[in-house]
Amino acid sequence: MKAVILRAPPSLDKLDIVELPPPPPPGPGEIQVRIRACSLNFHDLAVAVGALPVAPPRIPLSDAAGEVAAIGEGVEEFVAGDRVISTFFPTWHDGPPSRSASFAATPGDGVDGFAREIVNAPASWFTRQPRGFSHAEAAALPCAGVTAWRAIVVNGALKAGDSVLTQGAGGVSLFALQLAKAMGARVIATSSSEEKLSRLKALGADQVINYRSHPDWARLANAYTDGVGVDHVVDVGGAGTLEQSCAAARIGGHIHMIGLLGGPQGAVGPMHLLSKQLRISAVLVGNRRHQLDLVQALEATGVRPALDQDFPLDRLADALRRMQSGAHFGKITVSVAP
Ligand SMILES: NC(=O)c1ccc[n+]([C@@H]2O[C@H](COP(=O)([O-])OP(=O)(O)OC[C@H]3O[C@@H](n4cnc5c(N)ncnc54)[C@H](OP(=O)(O)O)[C@@H]3O)[C@@H](O)[C@H]2O)c1
């Protein structure tokens, strides 16, 4: 079978396509999955360029979709032919975060990932796909989709009529926009690109703001909410956005801390949080239960992921370069076994 291996020292030039022997029949409790598609997350780029240290050689990519090719003894949840998706934290099944919510267990990070045609893994590492989804659409869910769901729905208890501000046109932000709209919320979406702002409007954003031409974008978010501020901010910029996120939130609003695209260290002090009684929830993806709930919600709402470009497995480095360029809109996908 074909696989991609990241070699030391990690860089986009160290992703080798190799032939590996196919795995044996699945053991007790395992399923064998023929991987059809993967999707890229910022996390995969950070691993591939060495910004997140892993121990090469490592098979990259955390998010995959495919079909069950065979089941091991004792597996009851799946049968051969079922369409499945991976989970980002394979050993965090339910309940609050614990040590199982650790990158040490994440495919493509602490253990080998899914840039390969066939894999054997415990059945509990996978969930079913939403009915009617392509493998590429399903592969978009485990990291970006579950993160957006857990932030605004699980932690944020989003309700119809709430206002949500999303940042940029990346995977997490687009899921947050689409889920929030499907659940009756109002969305203000930001981007650095006028062309992407039009596409955000087409996806349902009620108002859009160019955060590059309006570095004080919180002022506009306040104006669009009659001076009140938004109920939820989906913050992917970290230090680069937190101050404006606090200024855009209403008194008692909720900031969902998700990404560090604008840097890890910033100047937001306790006064910013206290004066408006803000709630900050730091989110690291979610558990298997969250993913099952998201799958059901997507079936009920009809939301389909916004997909960007698709690349064949042997062009994984080019797919990651597209992510690095920031030109993408939504999820970049990789086709694996035909
Ligand atoms: N905590 C978690 O569980 C979790 C899960 C997934 C991702 N993340 C993190 O969340 C971030 C986004 O991940 P992703 O997979 O959605 O990435 P992505 O698809 O690569 O999104 C990147 C987009 O974010 C926007 N952006 C970049 N810098 C920005 C800034 N300073 N302020 C506002 N927007 C900015 C840009 O959109 P425009 O081109 O439209 O401006 C860019 O195209 C990353 O830091 C990632 O590590 C965290």
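A brief structural summary.

Scoring rules and cut-offs
- Residues numbered from 1 in each chain as written.
- Predicted model: local features only at pLDDT ≥ 70, side-chain atom pairs only at ≥ 80, totals over all residues.
- Heavy atoms only, no water.
- 1 Å grid on protein atoms, 1.4 Å probe; cavity = no way out; pocket = protein on both sides within 12 Å on 5 of 7 lines; lining within 4 Å.
- Points joined across faces, edges and corners; volume = space filled by probe spheres on them.
- Helix = DSSP H or I, 4+ residues; strand = E, 2+ residues; numbered from the N terminus.
- Nonpolar A, V, L, I, M, F, W, Y, C, P; charged D, E, K, R; others polar.
- Domains from an automatic or database assignment.
- Pairing = 2+ DSSP bridges.
- Axes fitted to C-alpha atoms, helices over the stretch in contact; angles between N-to-C directions.
- Near = heavy atom within 4 Å.
- Polar contact = N/O pair within 3.5 Å; in protein donor to acceptor, adjacent residues only side chain to side chain.
- Areas by Shrake-Rupley, 256 points an atom, 1.4 Å probe, with all protein chains shown as cover.
- Sits in = over half its atoms within 2 Å of the grid points.

**Quick notes on the layout of surface pockets**
Here's step 1: In this structure, the largest pocket occupies an estimated 1300 Å³ of space.
Here's step 2: Around the largest pocket sit 47 residues that line it, and F42, V236, G259, L260 and L261 are the ones nearest its centre.
Here's step 3: Put simply, the parts of the chain that give the lining of the largest pocket at least two residues each are helix 1 (42-48), helix 3 (141-155), helix 4 (171-182), strand 9 (186-191) and helix 10 (316-325).
Here's step 4: Broken down by element, the residue count for the lining of the largest pocket peaks at 4 residues, all from helix 1.
Here's step 5: Partitioning the lining of the largest pocket into residue classes produces 23 nonpolar, 21 polar and 3 charged.
Here's step 6: A domain split of the lining of the largest pocket shows at least three residues from each of domain 1 (2-140 + 305-335) and domain 2 (145-282).

**With respect to unusual backbone geometry**
Here's step 1: The omega angle of the peptide bond from A8 to P9 is -15°, so this bond is cis rather than trans.
Here's step 2: Structurally, the position occupied by P9 is in the loop between strand 1 (2-6) and strand 2 (15-19).
Here's step 3: The peptide bond linking P56 to P57 adopts the cis configuration, its omega dihedral lying at 0°.
Here's step 4: With respect to the helices and strands, the residue P57 is situated in the loop between helix 1 and strand 4 (63-71).
Here's step 5: For A157, which is not a glycine, the phi torsion comes out positive at approximately 45°.
Here's step 6: Relative to the assigned elements, A157 resides in the loop between helix 3 and strand 8 (163-167).
Here's step 7: Phi is positive for D226, close to 55°, though the residue is something other than glycine.
Here's step 8: Mapping D226 onto the fold places it in the loop between helix 6 (217-224) and strand 11 (230-235).

**Brief notes about the sheet that holds strand 8**
Here's step 1: With parallel pairing, the 6 strands of this open sheet are ordered in space as 10-9-8-11-12-13. Because the sheet does not close on itself, it has two edges, and the strands there are strand 10 (207-210) and strand 13 (279-282). Taken over all neighbouring pairs, the strand axes of this sheet differ in orientation by 20° on average, direction set aside.
Here's step 2: Sheet topology note: the strand 8/strand 9 ladder contains 5 bridges and is parallel.

**Remarks on the site of the ligand**
Here's step 1: Neighbouring residues of the ligand: 25 residues in total, closest S191, S192, Y211, V283 and V285.
Here's step 2: One nitrogen or oxygen atom from the side chain of S191 is found 2.7 Å from an oxygen atom belonging to the ligand.
Here's step 3: Interatomic distance of 2.5 Å between a backbone N/O atom of V283 and a nitrogen atom of the ligand.
Here's step 4: Within the complex, the protein chains bury 87% of what would otherwise be the 930 Å² of accessible surface of the ligand.
Here's step 5: Cavity membership is defined here by more than half of the atoms lying within 2 Å of grid points; on that basis the ligand lies in the largest pocket.

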